[in-house]
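Okay, here's what each chain looks like letter by letter:
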Amino acid sequence: MTSSPPTEDPITPPPPEQRRALVVMKDVSKVFSSGTVALTGMSLTVNGGEFVSLLGPSGCGKSTALRIIAGLGDTTTGKIDWPSSRITAKGLPDGDISFVFQEPTLMPWATVFGNVHLPLKLRGISKHAAHDDIIAALDRVGLKDFADAYPRELSGGMKMRVSIARALVTKPKLLLMDEPFAALDEITRQKLNDDVLKLWKETGITVIFVTHSVFESAYLSSRIVVMKARPGRVHADFPLQTSLDRDAFYRTSEEYRATCEKVSGSLMEAIGFPLAAGTEFH
Ligand SMILES: Nc1ncnc2c1ncn2[C@@H]1O[C@H](COP(=O)(O)OP(=O)(O)OP(=O)(O)O)[C@@H](O)[C@H]1O
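Going by the annotation in an unreviewed UniProt entry, the name recorded for the protein is Nitrate/sulfonate/bicarbonate ABC transporter ATP-binding protein, with Rhizobium wuzhouense given as the source organism.

Here's what the structure looks like:
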């Protein structure tokens, strides 16, 4: 195992002014009309500047939680608070949230530029007025030179970058990502992980990231929330601190290996996998 020396740019907690509670889930339960109890008593406070991964087995309610935070679904009981945001008539923080889904969901008839323009267009902002913001968002994901391309001309990773640029163009405070890289090959996934980390560090945006992957969550997050299923709820919640830059060297470090082991152990506990006597991962 090799590791890079400590640098001045590790993942550190965000500065105090960003550390205020951004979104608070208070005792949220969700029962679908089918009778499925997707979430029960879920409480979670995400502070400004955090990179929080929701990790858990299939069906534990990760996507349901994310959709409720985004206002794409109601709670059955409990509520969502936005302590530091201006709230619109719909009960959502004004312009503060963007969502990236597993599928890039691009409009095939529109160029990359046109696709990234969409959220601004829906706000009545013309292509001309939005031009600089669109190019800046494309630049951030390394696609400035592909503004005139069509989705059919792009690889899967590039399409996902367009989807991220579209999410960023409104300059949200909170980026919700629902298994965005699950369908991509491993190399592309690692590259996009690095890009999202860079974006998070450079912009100070708050990220809530749903994933099944222990490795991905351990690489990206400043905090991991492990969930358990039937019904979905929080099993463990722990911060991840490292003195190392998260990069290719970090992936081979003892610290990363130990973090993966800890997270994996907590996940095993959450799904009820028998562990050696005395093993605890909280
Ligand atoms: N619209 C819906 N109607 C009925 N049941 C639903 C609906 N959406 C989700 N569920 C159920 O709620 C539970 C939680 O689903 P959810 O998709 O939130 O879990 P998840 O942890 O994101 O799963 P995965 O990792 O497989 O995407 C599951 O049992 C699922 O079948």
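When helices and strands are tallied, the protein shows 8 helices and 9 strands. Seen through its C-alpha atoms, the protein measures out along the principal axes to roughly 65 × 50 × 40 Å. Residue burial in the protein is summarised as follows: out of 282 residues, 50% are buried. As presented, the protein carries roughly 13,500 Å² of accessible surface, and 54% of it is formed by carbon and sulfur atoms. Both charge centroids of the protein, one from 32 positive and one from 32 negative side chains, sit 6 Å from each other.

On to the side chain of S217, then. Tracing the backbone shows S217 in helix α6 (residues 214–220). At 2.9 Å, the side chain of S217 and the backbone oxygen of V214 are in polar contact. Beyond its immediate chain neighbours, meaning those up to four positions away, S217 contacts S53, L55, T211, I224, L240 and V263.

Let's shift gears to the pattern of salt bridges. Within this structure, the stated rule accounts for 13 salt bridges. D195 is the salt-bridge partner of R161, the closest N and O atoms lying 2.4 Å from each other. In this pair, R161 sits in helix α4 (residues 156–168) while D195 sits in helix α5 (residues 186–203), placing the two residues 34 residues apart along the sequence. Of the residues examined, D195 reaches a relative accessible area of 22% and is grouped as partly exposed.

The subject of this paragraph is the packing of aromatic side chains. On inspection of all chains with the given rule, the structure shows 7 aromatic pairs. With a centroid separation of 6.2 Å and an interplanar angle of 40 degrees, the aromatic rings of Y219 and Y250 are classed as tilted. Of this pair, Y219 sits in helix α6 while Y250 sits in helix α7 (residues 248–251), placing them 31 residues apart in sequence. For Y219, a relative accessible area of 0% translates into the label buried. Plain terms: the ring middles of Y250 and Y256 are 5.2 Å apart, the flat faces sit at 55 degrees to each other, and that makes the pair tilted. For the pair Y250 and Y256, a shared accessibility class is recorded, and that class is buried. Note that R251 overlies the ring of Y219, its terminal NZ or CZ placed 3.7 Å from the centroid.

Rules of the game
Residues numbered from 1 in each chain as written. Predicted model: local features only at pLDDT ≥ 70, side-chain atom pairs only at ≥ 80, totals over all residues. Heavy atoms only, no water. Helix = DSSP H or I, 4+ residues; strand = E, 2+ residues; numbered from the N terminus. Buried < 20%, exposed > 50% of the residue type's maximum accessible area, 1.4 Å probe, protein only. Areas by Shrake-Rupley, 256 points an atom, 1.4 Å probe, with all protein chains shown as cover. Lys, Arg positive; Asp, Glu negative; His and termini not counted. Charge placed at Lys NZ, Arg CZ, Asp CG, Glu CD. Polar contact = N/O pair within 3.5 Å; in protein donor to acceptor, adjacent residues only side chain to side chain. Contact = heavy atoms within 4.5 Å. Salt bridge = Lys/Arg side-chain N within 4 Å of Asp/Glu carboxyl O. Phe/Tyr/Trp six-rings, centres within 6.5 Å; stacked < 30°, edge-to-face > 60°. Lys NZ or Arg CZ within 6 Å of the ring centre and 35° of its normal.

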